[in-house]
Amino acid sequence: MTHIYSVQGMTCNGCRSSVEQKLSDVDGITKVTVDLASETAEVVMNHHIETATLQAALPEKFSITAKKSQTISSENGSNFNKASQVESLSKFQQLKPLFLIFGFIVLLVTAKNYGSWSVDSFMLDFMGVFFLTFSLFKFFDLNGFAQSFKMYDPLAKTFPAYGTIYPFIEVVLGVLFLARVEVPVLLVITIIILVITTIGVTQSLLSKKTIQCACLGTVLKLPMTQATFIENAIMIIMAIILIIKYNI
């Protein structure tokens, strides 16, 4: 059952992320998509939930009212399959920026290592450029990133300030990886922070709740998908391989 609501009081991506998080936490809701420009929220629920219940879940600065509702019948198999195909295509299109950025990082690092190829050097440069590139997008809307990040990262949920300082941690890691400063320590830190985040990503994927991935901040709206898990897994595997080589 899908309901469309009007949400008033949102002024930035941080507000949008906050509304998505609060509504997603309501029992019976499986998916929340909030559009800041149109000030609407599309809410998928297992059973009817009163608007008053949704309002109670939101901070006082936001007001929510029902606009229209749409119920998708499970008996209509063909329409459901078509909708699933459209949704899959939409997710692929939304993830296109992530794939492009990832590809450009590979090209940049490959060019840097051309002529003096070394797997270890490639992985260290990749991790450095990766952290710097992904941190850049987070700085465009630092508060919005922090709000989105705490929706799935366990440490950011417990200590909200962690979401604010996380982009700075990525900058430091990126610079030091490229400068080859205290590499063994950097690898251990990388594994710790990415394992924590990956745990949250895995929990979000298993719960099947649709939330925004904060890996590229809030400037690019990326859905939380298996691609996010794979992205973190690649970095963790690289760090583990390098740790073994450094005999830590």
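Everything numeric in this text was worked out from a predicted model, so none of it was measured. (Residues numbered from 1 in each chain as written. Predicted model: local features only at pLDDT ≥ 70, side-chain atom pairs only at ≥ 80, totals over all residues. Heavy atoms only, no water.)

Asks: How would you explain the overall build of the protein chain if you had to name every residue and give the values?
Replies: When helices and strands are tallied, the protein chain shows nine helices and six strands. Across the 248 residues of the protein chain, 43% fall into the buried class. In the protein chain, of all internal contacts separated by at least 6 residues, the share reaching a separation of at least 24 is 70%. Accessible surface, the protein chain as shown: approximately 12,600 Å² in total, 64% of it carbon and sulfur. (Helix = DSSP H or I, 4+ residues; strand = E, 2+ residues; numbered from the N terminus. Buried < 20%, exposed > 50% of the residue type's maximum accessible area, 1.4 Å probe, protein only. Contact = heavy atoms within 4.5 Å. Areas by Shrake-Rupley, 256 points an atom, 1.4 Å probe, with all protein chains shown as cover.)

Asks: If you had to explain unusual backbone geometry to someone new, which residues and values would you point to?
Replies: One non-glycine residue, Glu39, lies in positive phi territory at about 55 degrees. Along the chain, Glu39 falls in the loop between β2 (29-35) and β3 (40-45). On the accessibility criterion, Glu39 (26% relative accessible area) is partly exposed. Despite not being glycine, Arg180 shows a phi value in the positive range, around 60 degrees. When you line up the elements, Arg180 lands in the loop between α7 (161-179) and α8 (183-207).

Asks: An account of the packing of aromatic side chains is needed here, citing residue identities and associated values.
Replies: In the structure shown here, the tally under the stated rule is 15 aromatic pairs. Ring plane angle 70 degrees and centroid distance 6.2 Å describe the contact between Phe137 and Phe140, whose orientation is recorded as edge-to-face. Accessibility expressed as a relative area gives 56% for Phe140, which makes it exposed. Ring plane angle 35 degrees and centroid distance 6.1 Å describe the contact between Phe149 and Tyr162, whose orientation is recorded as tilted. (Phe/Tyr/Trp six-rings, centres within 6.5 Å; stacked < 30°, edge-to-face > 60°.)

Asks: Any chance you could break down the packing of helix α1 (residues 13-24) against helix α5 (residues 142-149) for me, citing the residues and the numbers?
Replies: Axis separation between α1 and α5 bottoms out at 7 Å; the angle between their running directions is 10 degrees. Looking at the two axes, α1 sits roughly parallel to α5. The residues of α5 that touch α1, namely those facing Asn13, Gly14, Ser17, Ser18 and Gln21, are Asn143, Gly144, Gln147 and Ser148. Class assignment for the residues of the contact of α1 with α5 results in no nonpolar, nine polar and no charged. (Axes fitted to C-alpha atoms, helices over the stretch in contact; angles between N-to-C directions. Parallel < 35°, antiparallel > 145°, perpendicular 65-115°, else oblique. Nonpolar A, V, L, I, M, F, W, Y, C, P; charged D, E, K, R; others polar.)

Asks: Quick rundown of the pattern of salt bridges? Include the residues and the values.
Replies: Taken as a whole, this structure holds five salt bridges when the rule is applied. Between Arg180 and Asp125 there is a salt bridge, with the nearest N and O atoms lying 3.0 Å from each other. Note that Arg180 is positioned in the loop between α7 and α8 and Asp125 in helix α4 (residues 119-139), a separation of 55 residues in sequence. Ionic pairing is found between Glu170 and Lys138, a salt bridge with its closest N-O pair at 3.1 Å. Of this pair, Glu170 sits in helix α7 while Lys138 sits in helix α4; the two residues are 32 residues apart in sequence, bridging distant segments of the chain. Under the relative-accessibility criterion, Glu170 is labelled buried at 3%. Through salt bridges with shared partners, a single network forms among Lys112, Asp125 and Arg180. (Salt bridge = Lys/Arg side-chain N within 4 Å of Asp/Glu carboxyl O.)

Asks: Outline the pairing of β3, listing residues and values.
Replies: Where burial is concerned, most of β3 is hidden: five out of the six residues are buried. Summarising the sheet, strand β1 (residues 2-8) and β3 pair through five bridges and their orientation is antiparallel. Each bridged residue has a counterpart across the sheet, and for Ile4 the counterpart in β3 is Glu42. In the sheet, β2 pairs with β3 via six bridges, with the strands oriented antiparallel. Opposite Val32, over in β3, you have Val43 as the bridge partner. (Pairing = 2+ DSSP bridges.)

Asks: Describe α7, naming the residues involved and giving the relevant values.
Replies: The end-to-end C-alpha separation of α7 is 28 Å, in line with the 27 Å expected for 19 residues at 1.5 Å each. Buried residues along α7 sit in contact with α4, α5, α6 (154-158) and α8. Just beyond α7, the residue with positive phi is Arg180, at close to 60 degrees. (Expected span 1.5 Å × (residues − 1).)

Asks: I'd like a rundown of the nonpolar core, residues and numbers included.
Replies: Grouped together as the largest cluster of nonpolar side chains are 41 residues, with contacts concentrated most on Ile105, Met127, Phe134, Phe149, Phe177 and Leu187. Listed by contribution, the elements that provide at least two residues to this core are α3 (77-112), α4, α5, α7, α8 and α9 (226-245). When residues of this core are assigned to their parent elements, the largest contribution, 10 residues, is made by α4. Among all residues touching Ile105, those that are not within four sequence positions of it are Phe126, Val129, Phe130, Thr133 and Phe134. In terms of nonpolar packing, the next biggest core, distinct from the first, is built from 18 residues, Met10, Cys15, Val26 and Val32 among them. (Core = buried A, V, L, I, M, F, W, Y, C linked by side-chain atoms within 4.5 Å.)

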